[in-house]
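What follows is each chain in one-letter form.
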Amino acid sequence: MAKFIARRLGLSLVIFFFVTFIIYVLEYSLPTSYVEKTAMELASRPGSQKSAEQWIQELNAQYGMDKGIVQGYFVWFGNSAKGNFGDSWSQTMPVTQLFQKCIWYSFVMGLIAFILEIIIAIPLGVLAARKQYSMTDYTVTVVSLIGISMPTFFMATIFKLIFSVKLGWFDLIGMQGRNYAILDRTGQLLDLANHLVLPILTLTVVSIGSLMRYTRTNMLEVLNADYVRTARAKGLPENKVISHHAFRNTLIPLVTILGGSLPGLFSGALITETLFGIRGIGYYSYNAMVGGDIPFTMFYLAFIAILTLLGNLISDILYAVVDPRVRVN
């Protein structure tokens, strides 16, 4: 197992190198107006002692964009290996500091939505498979298709209309209520939690559909296997057949889906956070991409690449955990 992990980590480093190089090439090829716009803003600030042209030269030199693509990439890669990702142009603070400021909102939202997704989708998928072609199966199928088909911005708008405009239970946007400043610590936490309800609900609804369908499909395949029919023929209770024989074998393909969900726990929900005004990493990354904040965009996309590679590695390792027949050579 240790040799397998070491080999996969080495391969992941190679993949990460080429992924970040492609990202750098795309950022390098962006219109220069992004750099010029940032330089003009910095030069126009009170007390600035540099002209816009000097700022352009400094910003390009800072990220190797005054050199060729290959040489510039290695400048960025060398600085990143030392933990120096530069300063966010839009937020005027170090990228790592901005990351530490916003990551926890995204993580809390992603973690809660992930737990709710597992609690809701997997049991319903198993139930639909056990009662194939029944009203329960049709209901689960309709709900899952709605979750799969409806885009995030549409679900967010519907929830806003129902729970914010019609019922008035939640604010339309933002992370704080109008009385936030006068609340005590507990009241502020409850106010923040209140503003996270609709974003978490949106993330949960749009994610449970595919997992429900996936669970149902794999469960049906397992329930029709010979060893399940043999277990039933021996007179085992149906609950034991499902829990001890069928469900464990269903977990193997599910591990792939759940392992691939790791980036979502830390990378933030870009559309959801932007629509609800939740200042997580997805919110700042959207504004960085729209506003041409190259340092933060490079950091965010490299961060996503690391999480994706790590999620794939965890999925492979979990295969051996959920099924003892699987061994890594």
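Structure first, text after, so check above.
Residues numbered from 1 in each chain as written. Predicted model: local features only at pLDDT ≥ 70, side-chain atom pairs only at ≥ 80, totals over all residues. Heavy atoms only, no water.

### A look at empty space enclosed by the protein
- This model, assessed by the stated rule, comprises one cavity of 30 Å³ or more.
- The volume enclosed by the largest cavity comes to roughly 50 Å³.
- Taken together, Phe170, Asp171, Leu172, Ile173, Gly174, Asn194, His195, Leu198, Pro199, Phe276 and Ile278 make up the lining of the largest cavity.
- The leading source of residues in the lining of the largest cavity is helix H8 (residues 185-223), at four residues.
- In the lining of the largest cavity, the residues fall into seven nonpolar, three polar and one charged. (1 Å grid on protein atoms, 1.4 Å probe; cavity = no way out; pocket = protein on both sides within 12 Å on 5 of 7 lines; lining within 4 Å. Points joined across faces, edges and corners; volume = space filled by probe spheres on them. Helix = DSSP H or I, 4+ residues; strand = E, 2+ residues; numbered from the N terminus. Nonpolar A, V, L, I, M, F, W, Y, C, P; charged D, E, K, R; others polar.)

### As for the packing of helix H5 (residues 95-130) against H8
- Packing of H5 against H8 leaves a shortest axis separation of 5 Å and a crossing angle of 35 degrees. Judged by the sense of rotation from one axis to the other, the crossing of H5 with H8 is right-handed.
- Among the residues forming the contact of H5 with H8, the class breakdown is 23 nonpolar, four polar and three charged. (Axes fitted to C-alpha atoms, helices over the stretch in contact; angles between N-to-C directions. Left-handed = near helix turned anticlockwise from the far one by under 90°.)

### Regarding the packing of aromatic side chains
- Summed over all chains, the structure comprises 20 aromatic pairs.
- When the ring of Phe17 is compared with that of Phe77, the centres are 6.0 Å apart and the planes differ by 75 degrees; the resulting orientation is edge-to-face. Placement of the pair is Phe17 in helix H1 (residues 2-28) and Phe77 in helix H4 (residues 69-81), with a sequence separation of 60 residues.
- Note on Phe163 and Phe170: the rings are 6.4 Å apart at their centroids and 70 degrees apart in plane angle, and the pair reads as edge-to-face. (Phe/Tyr/Trp six-rings, centres within 6.5 Å; stacked < 30°, edge-to-face > 60°.)

### Concerning the side chain of Ser207
- Examined against the element boundaries, Ser207 turns out to sit in helix H8.
- Only 3.1 Å separates the side chain of Ser207 from the backbone oxygen of Thr204, close enough to count as a polar contact. (Polar contact = N/O pair within 3.5 Å; in protein donor to acceptor, adjacent residues only side chain to side chain.)

### Section: the pattern of salt bridges
- This model, assessed by the stated rule, comprises two salt bridges.
- Taking the shortest distance from any N to any O, the salt bridge between Arg229 and Asp226 comes out at 2.3 Å. Highlighted residues: Arg229 and Asp226, both in helix H9 (residues 226-233), separated by three residues, approximately one helical turn. (Salt bridge = Lys/Arg side-chain N within 4 Å of Asp/Glu carboxyl O.)

### A look at the environment of Val197
- By secondary structure assignment, the location of Val197 is in helix H8.
- According to the relative accessible area criterion, Val197 is partly exposed, its value standing at 35%.
- Taking the C-alpha atoms as reference points, Val197 and Tyr319, 122 residues apart in sequence, are found 34 Å from one another. (Buried < 20%, exposed > 50% of the residue type's maximum accessible area, 1.4 Å probe, protein only.)

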